[in-house]
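Read off the chains here:
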2 protein chains.
Amino acid sequence: MKPTAVTWAILGLLAEQPRSGYDLKRSIDRTIRHFWAASYGQIYPELKRLEEAGWISGADGGNRARRVYRATPAGRAALVDWLHGEETRIELRDESLLRLFFADTLPADEALGLLRARRDGYAQMHALLRSLDDGSGEPDTPFVDLVYRWGLDYCAWGIEWCERQERRLRRRS
Amino acid sequence: MKPTAVTWAILGLLAEQPRSGYDLKRSIDRTIRHFWAASYGQIYPELKRLEEAGWISGADGGNRARRVYRATPAGRAALVDWLHGEETRIELRDESLLRLFFADTLPADEALGLLRARRDGYAQMHALLRSLDDGSGEPDTPFVDLVYRWGLDYCAWGIEWCERQERRLRRRS
DNA sequence: TAGTGCATGTAATGCGTTACATGATTTC
DNA sequence: GAAATCATGTAACGCATTACATGCACTA
């Protein structure tokens, strides 16, 4: 069992509460997905691998043909090991920055348009994140809340940054 | 010819000045790589595809066995089209956030350690970016400089954010 | 009884990294 | 002449998405 990032995403959610593959996908889409996406094509095979490794156990549950998994003690231990694991390397992948990087080829006003588009991208994501917190539902645990705040704050920062830079570049031209 | 992100990275650099595959890799590692990495395994096959498409042309240059490519007019046109292209969707992939997200499983002080580790990750990347600007070399064009600033500012923001949140969480506990 | 959403899964494909193979040239 | 670096490339592998296939259950 060679763990990958999706391993921990699934195991972490199952440690919190038992879920089916379908539920996992929905939970991920509401939360984790904004900094780490996962698709069915990863989730279902990974559930099998995790069960073989003894880190989760599945049981046919409820009506329908749904199989509900829960984290085993061994799984919880592995999760905690990972949390203690190697240091953090910040890695980015941001196509919008790639575009900005080459914007010097364009006339000045079109180049500024790209900066504006980036700003709008941030605004859109900010709106999406805000819409996830409908106020109902129980309040999040501290670190789940922390990561949610990160998303909001990051977008807010990004919007301001783009606006500030746009003003700066306009002043010089 | 179905373009992908690495297509534009290469084409953009070649539009600026002619380079070999090896030079491209080095340029990418100094600049683009901080928000969009690329490996030889992508670069060399992509150079072939780009040449077949007529977007770049290669010539055996200099001494050694080096092949130097330059963007053709068709390539430049394609690049500009891409720059004008679809709107920007912000997509993230950040394993450190994934860890933070599950930190509630840990005792409070260890969880705060993860936040500190993230801060240190930002600090490390900030130092790396600063080290790239040795002051020598000609000054960057406006948008190349803009993206460089983004990296620095993002790291600075990230450091502050982590420190602020650490203080906040300590106050509550 | 037709449609929608629940639920599970796989196959094909594409993107990207790593590791390896090869050899020339410069520098010490 | 040994080491470092320049330089090009490929094969194997792994990770992830997309699209598709299947069928049940609820509801209008």
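Model, not experiment: these values are computed from the prediction.

Basis of the calculations
Residues numbered from 1 in each chain as written. Chains lettered and ligands numbered in written order. Predicted model: local features only at pLDDT ≥ 70, side-chain atom pairs only at ≥ 80, totals over all residues. Heavy atoms only, no water. Pairing = 2+ DSSP bridges. Helix = DSSP H or I, 4+ residues; strand = E, 2+ residues; numbered from the N terminus. Contact = heavy atoms within 4.5 Å. Axes fitted to C-alpha atoms, helices over the stretch in contact; angles between N-to-C directions. Buried area = accessible area lost by both parts, 1.4 Å probe. Salt bridge = Lys/Arg side-chain N within 4 Å of Asp/Glu carboxyl O. Polar contact = N/O pair within 3.5 Å; in protein donor to acceptor, adjacent residues only side chain to side chain. Nonpolar A, V, L, I, M, F, W, Y, C, P; charged D, E, K, R; others polar. Patch = residues over 30% accessible without salt bridge, like charges linked within 9 Å, V, L, I, M, F, W, Y side chains within 5 Å. Areas by Shrake-Rupley, 256 points an atom, 1.4 Å probe, with all protein chains shown as cover. Lys, Arg positive; Asp, Glu negative; His and termini not counted. Charge placed at Lys NZ, Arg CZ, Asp CG, Glu CD. Buried < 20%, exposed > 50% of the residue type's maximum accessible area, 1.4 Å probe, protein only. Arc of directions from axis to C-beta. Phe/Tyr/Trp six-rings, centres within 6.5 Å; stacked < 30°, edge-to-face > 60°. Lys NZ or Arg CZ within 6 Å of the ring centre and 35° of its normal. Least-squares fit on C-alpha atoms with pLDDT ≥ 70 in both. Parallel < 35°, antiparallel > 145°, perpendicular 65-115°, else oblique. Left-handed = near helix turned anticlockwise from the far one by under 90°.

Asker: Before we go on, may I ask you to explain the sheet that holds strand E3 (residues 67-71) of chain A in this structure?
Answerer: Remark on secondary structure: sheet strands pair via backbone hydrogen bonds, oriented parallel or antiparallel. All names here are of chain A. In space, the 3 strands of this open sheet follow the order E1-E3-E2, with antiparallel pairing throughout. Each end of this open sheet is capped by a strand with a single partner; those strands are strand E1 (19-20) and strand E2 (56-60). Summarising the sheet, E1 and E3 pair through 2 bridges and their orientation is antiparallel. Along E3, the bridge assignment pairs Arg19 with Tyr69. Sheet strands in contact with helix H1 (residues 5-16) are E1, E2 and E3, and its direction is about 90° off that of E3. The strands touched by helix H3 (residues 40-52) within the sheet are E2 and E3, with E2 carrying the most contacts at an inclination of about 110°.

Asker: How do you make sense of the interface of chain A and chain B when you look at a structure like this?
Answerer: Interface size is often expressed as the accessible area that is lost when the parts come together. Across the contact, 64 residues belong to chain A and 64 residues belong to chain B. Both faces considered, chain A and chain B share a buried interface measuring about 6,900 Å² in area, 68% of it formed by carbon and sulfur atoms. One can count 0 salt bridges joining chain A with chain B. At the boundary of chain A with chain B, the tally comes to 14 residue pairs in polar contact (both at pLDDT 80 or more). Sorting the residues of the side of chain A that touches chain B by element identifies H1, helix H4 (73-83), helix H5 (95-101), helix H6 (108-132) and helix H7 (142-172) of chain A as the ones contributing at least two each. A class-by-class count of the residues in the side of chain A that touches chain B yields 38 nonpolar, 12 polar and 14 charged.

Asker: In this structure, what is going on with a negative patch on the surface? I would like to understand it.
Answerer: Residue and element names in this part refer to chain A. On the surface, a cluster of negative charge is made up of Asp133, Asp134, Glu138 and Asp140. Of note, Asp134 is situated in the loop between H6 and H7. Take Asp134: its relative accessible area is 57%, and that puts it in the exposed class.

Asker: Would you explain helix H2 (residues 21-30) of chain A in this entry?
Answerer: A turn of α-helix holds 3.6 residues, and therefore any two residues three or four places apart point the same way. All names here are of chain A. Inspection of H2 places Gly21, Leu24, Lys25, Ser27 and Ile28 among the buried residues, and these make up the whole buried set. Buried positions in H2, seen along its axis, are confined to an arc of 165° and lie on one side of it. Away from the buried face of H2 by more than 90 degrees, exposed residues Arg26 and Arg30 are located. Among the structural elements, H1, E1, H3 and E3 are those in contact with the buried residues of H2.

Asker: Is there a simple way to explain the packing of aromatic side chains in this structure?
Answerer: Two descriptors summarise a pair of aromatic rings, namely the distance from one centre to the other and the angle between the planes of the rings. The final tally for this structure, using the stated rule, is 24 aromatic pairs over all chains. Ring geometry for Tyr154 of chain A and Trp157 of chain B: centres 5.9 Å apart, planes at 50°, overall tilted. In this pair, Tyr154 of chain A is assigned in helix H7 and Trp157 of chain B in helix H7 (residues 142-172), connecting two distinct chains. In this structure, Tyr154 of chain A and Trp157 of chain B share a single accessibility class: buried. An aromatic cluster is built from Tyr122, Trp150, Tyr154, Trp157 and Trp161 of chain A together with Tyr122, Trp150, Tyr154, Trp157 and Trp161 of chain B, whose rings are joined through pairwise contacts. One cation-aromatic arrangement involves Arg93 of chain A over Trp36 of chain B; the distance from NZ or CZ to the ring centre is 4.6 Å. Here the guanidinium or amino end of Lys25 of chain B rests over the ring plane of Tyr40 of chain B, the centre of that ring lying 5.7 Å away.

Asker: For this particular structure, what's the right way to read the relation of the copies chain A and chain B?
Answerer: One chain copy maps onto the other through a rotation about an axis and a shift parallel to that axis. If you rotate chain A by 180° and push it 0.0 Å along the axis, it lands on chain B with an RMSD of 0.0 Å. Here the two chains are linked by the operation of a two-fold rotation axis.

Asker: Would you take a moment to explain the side chain of Arg99 of chain B for this structure?
Answerer: As for its position among the elements, Arg99 of chain B is in helix H5 (residues 95-101). On the basis of relative accessibility, which here comes to 6%, the residue Arg99 of chain B falls in the buried class. Beyond its immediate stretch of four places on either side in the chain, Arg99 of chain B contacts Trp82, Leu83, Gly85, Glu86, Glu87 and Thr88 of chain A together with Leu114 of chain B.

Asker: How do you make sense of the pairing of E3 of chain A when you look at a structure like this?
Answerer: Remark: a regular strand shows side chains that alternate across the two faces of the sheet. Where E2 of chain A meets E3 of chain A, 5 bridges bridge the pair, whose relative direction is antiparallel. Considered in E3 of chain A, the bridge of Ala59 of chain A is made with Val68 of chain A.

Asker: Hey, could you run me through the sheet that holds strand E3 (residues 67-71) of chain B in this one?
Answerer: Residues and elements named next belong to chain B. If you trace the 3 strands from one edge of the open sheet to the other, you get E1-E3-E2, paired in antiparallel fashion. Here the strands that pair on one side only, and so sit at the sheet edges, are strand E1 (19-20) and strand E2 (56-60). Relative to the sheet, helix H1 (residues 5-16) contacts E1, E2 and E3, its axis offset from that of E3 by approximately 90°. Lying over the sheet, helix H3 (residues 40-52) contacts E2 and E3, oriented at roughly 110° with respect to E2.

Asker: Looking at this structure, how should I read a positive patch on the surface?
Answerer: All names here are of chain A. Side chains of Arg164, Arg167, Arg171 and Arg172 sit close together on the surface and give a patch of like positive charge. Relative to the elements of secondary structure, Arg172 occurs in helix H7. A relative accessible area of 65% places Arg172 in the exposed class.

Asker: It is not clear to me how the packing of H2 of chain A against H3 of chain A should be interpreted in this structure. Could you clarify?
Answerer: Two measures define how a pair of helices packs: the angle their axes make with one another and the distance between the axes. Residues and elements named next belong to chain A. Taken N-terminus to C-terminus, the directions of H2 and H3 make an angle of 135°; their axes are 10 Å apart at the nearest point. Relative to H3, the element H2 is oriented oblique. Classified by chirality, the crossing of H3 by H2 is right-handed. When H2 is examined against H3, the residues Gly21, Tyr22, Leu24, Lys25 and Ile28 are found in contact with a partner set consisting of Tyr40, Ile43, Tyr44 and Leu47. The residue inventory of the contact of H2 with H3, partitioned by class, reads 7 nonpolar, 1 polar and 1 charged.

No statement about biological role is implied by the geometric values presented.
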